[in-house]
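The primary structure of each chain is shown beneath.
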Amino acid sequence: MTNTKSVASPWDSPIFQPLLHEAGLAAQTLCVGLTTLRKANYQQTEKYYGGFFNYTIGLERVMKLTILLDSLVEDGKFPSDQQLRSAYGHDLSKLLDAVQAIRAKLDQSELDWQLPHPDIIGDAVVFLAEFAKTTRYYNLDVLSGKAPSLDPVARWFQVVGQPLLAKRPARRTVRVAAKVSTVAELLGNKMLIRSMTEDGTPVSSVEEAAMAEHNSEYVAKEGTFLCTALARYVIEVLRDRGLAARGAGHVVPAFGDFFALFNNGDALLKNRRSFTIN
């Protein structure tokens, strides 16, 4: 086993630089993914694909870093590449189960964050796991003649978007309906519209377009927050394991420096329109 302790400088440690680079890459891809998801709407569905692509890569890397560091703390060494591959592959559901098992060992009074929307988060994780493994290739599968699954954008609206809209406060729903009606009255039939919502519902009138826009914005805000809070939940465990590794004398980076953004409360994260690591 490589000695990871008692080095003169962090740069003399064989693990410090790879951990540093991996944390930076994980933070970068998470932030790119979340920023893109926040901008997604029914007229720019490509942003959903790009958002999920980067977000799931970043989330997978954060979870694997957490598992690596926990092994370093508990066993004094990292699991092998083969062990990681055989146990988890790119399965975000299995990785989250492992992170939750690690989290259960920690002092719960020291933990600040929980997963949001208990009635939705399970289906959201299954969706993200499927995207990371297979459905990110949906468009190529369609073009190459492979029997396609449901379009991932439509699937996201089915398992996350519509449940979030159903939970939208009644007073807000009334305000949205009033704004839609006003827009429709002002524009009348002066516009020719041919589009569809994220779930494939046709949009052919000003009123339908205005409602689709409002729904897209609400799901973008709330759905991006759900993904941000999931990342925050995992990063809290990563941060703990990093501190534990440093306390045990291992030369590892200060992971909190990379993910400081994810130590903010719900209101601040929910109102962000872009995410950066510095």
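Above this note sits the structure.
Residues numbered from 1 in each chain as written. Predicted model: local features only at pLDDT ≥ 70, side-chain atom pairs only at ≥ 80, totals over all residues. Heavy atoms only, no water.

Trainee: What exactly am I supposed to notice about the overall build of the protein here?
Mentor: What the protein contains, in helices and strands, is 10 helices and 2 strands. Along the protein, from the amino end to the carboxyl end, the secondary structure elements read α-α-α-α-α-α-α-α-β-β-α-α. Projected onto its principal axes, the C-alpha coordinates of the protein cover approximately 75 × 45 × 30 Å. Expressed as a percentage of the 278 residues in the protein, the buried residues total 46%. In the protein, of all internal contacts separated by at least 6 residues, the share reaching a separation of at least 24 is 74%. Averaging the positions of the 31 positive and the 30 negative side-chain charges in the protein gives two centres separated by 3 Å. (Helix = DSSP H or I, 4+ residues; strand = E, 2+ residues; numbered from the N terminus. Buried < 20%, exposed > 50% of the residue type's maximum accessible area, 1.4 Å probe, protein only. Contact = heavy atoms within 4.5 Å. Lys, Arg positive; Asp, Glu negative; His and termini not counted. Charge placed at Lys NZ, Arg CZ, Asp CG, Glu CD.)

Trainee: Whenever I open this one, the state of the cysteines confuses me. Can you help?
Mentor: Covalently bonding the sulfur atom of one cysteine to the sulfur atom of another cysteine gives a disulfide. Considering all chains together, one arrives at 0 disulfides under this definition. Left unpaired, Cys227 is separated from the closest cysteine sulfur, that of Cys31, by 13 Å. (Disulfide = S-S within 2.5 Å.)

Trainee: What should I look at first to understand unusual backbone geometry in this one?
Mentor: Phi is mostly negative for residues that are not glycine, and the peptide bonds are mostly trans. Positive phi, normally seen in glycine, also occurs at His117, with a value near 45°. You can call His117 buried: its relative accessible area is 18%.

Trainee: I would appreciate a short explanation of the packing of aromatic side chains in the present structure.
Mentor: Aromatic rings considered in pairs are described by the distance between their centres and by the relative angle of their planes. As enumerated under the stated definition, the model contains 9 aromatic pairs in all. Grouped by ring-pair contacts, the aromatic residues Tyr48, Phe52, Phe127, Phe131, Trp156 and Phe157 constitute a single cluster. One Lys or Arg, Arg168, reaches over the ring of Tyr218 and ends 5.2 Å from the middle of that ring. Above the plane of the ring of Trp113 lies Arg232, whose end atom (NZ or CZ) is 3.9 Å from the centre. (Phe/Tyr/Trp six-rings, centres within 6.5 Å; stacked < 30°, edge-to-face > 60°. Lys NZ or Arg CZ within 6 Å of the ring centre and 35° of its normal.)

Trainee: Please clarify how the side chain of Asp141 should be interpreted in this entry.
Mentor: Locating Asp141 in the fold gives a position in helix α6 (residues 138-144). In this structure, Asp141 is buried with no salt-bridge partner, the nearest side chain bearing the opposite charge being Lys146 at 4.0 Å. (Salt bridge = Lys/Arg side-chain N within 4 Å of Asp/Glu carboxyl O.)

Trainee: Even after reading the chapter, I still don't get the pattern of salt bridges, so can you show me in this structure?
Mentor: Pairing of side chains with opposite charge becomes possible as their charged atoms draw close. Throughout the structure, instances matching the rule amount to 15 salt bridges. Asp119 is the salt-bridge partner of Lys167, the closest N and O atoms lying 3.3 Å from each other. With a gap of 48 residues between them, Lys167 in the loop between α7 (152-166) and α8 (170-187) and Asp119 in the loop between α4 (92-105) and α5 (121-133) connect regions that are remote in the sequence. Salt bridges sharing common partners tie together Asp70, Glu74, Lys105, Asp240 and Arg241.

Trainee: Whenever I open this one, the nonpolar core confuses me. Can you help?
Mentor: In a soluble, globular protein the nonpolar side chains are often hidden away together inside. Ranked by internal contacts, the top residues of the largest apolar core, which has 71 residues, are Leu30, Tyr55, Leu59, Trp156, Phe259 and Phe262. Among the secondary structure elements, those contributing two or more residues to this core are α1 (16-39), α2 (46-75), α4, α5, α7 and α9 (206-247). A total of 14 residues in this core trace back to one element, the largest contributor, which is α9. (Core = buried A, V, L, I, M, F, W, Y, C linked by side-chain atoms within 4.5 Å.)

Trainee: Would you explain α2 in this entry?
Mentor: Helical geometry: 3.6 residues make up each α-helical turn, so side chains three or four residues apart lie on a common side. If you check α2, its first and last C-alpha atoms are 43 Å apart, about what 30 residues at 1.5 Å a residue would give, namely 44 Å. One or two steps after α2, the chain reaches Gly76, where phi turns positive at roughly 80°. (Expected span 1.5 Å × (residues − 1).)

Trainee: Before we go on, may I ask you to explain the packing of α2 against α9 in this structure?
Mentor: Helix packing for two helices is described by the angle between their axes and how far apart those axes are. Direction vectors running N to C along α2 and α9 enclose 25°, while the axes themselves pass 9 Å from each other. Regarding the angle of α2 to α9, the classification is roughly parallel. Viewed along their axes, α2 and α9 form a crossing whose handedness is left-handed. Touching Tyr55, Leu59, Val62, Met63, Leu65, Thr66, Leu69, Asp70, Leu72, Val73 and Glu74 of α2 are Cys227, Leu230, Ala231, Val234, Ile235, Val237, Leu238, Arg241, Gly242, Ala244 and Ala245, all from α9. A class-by-class count of the residues in the contact of α2 with α9 yields 17 nonpolar, 2 polar and 3 charged. (Axes fitted to C-alpha atoms, helices over the stretch in contact; angles between N-to-C directions. Parallel < 35°, antiparallel > 145°, perpendicular 65-115°, else oblique. Left-handed = near helix turned anticlockwise from the far one by under 90°. Nonpolar A, V, L, I, M, F, W, Y, C, P; charged D, E, K, R; others polar.)

Trainee: Got a minute to help me understand the packing of α2 against α4 in this structure?
Mentor: Between α2 and α4, the least distance of the axes is 10 Å, while the angle of their chain directions is 40°. For the element pair α2 / α4, the angle class is oblique. Two packed elements cross with a definite hand, and for α2 against α4 that hand is left-handed. Each of Thr56, Leu59, Glu60, Met63, Lys64, Thr66, Ile67, Asp70 and Glu74 in α2 lies in contact with α4, whose residues at this interface are Leu92, Leu95, Leu96, Ala98, Val99, Ile102 and Lys105. Taken together, the residues that form the contact of α2 with α4 break down as 9 nonpolar, 2 polar and 5 charged.

Any functional reading would require information that these geometric values do not contain.
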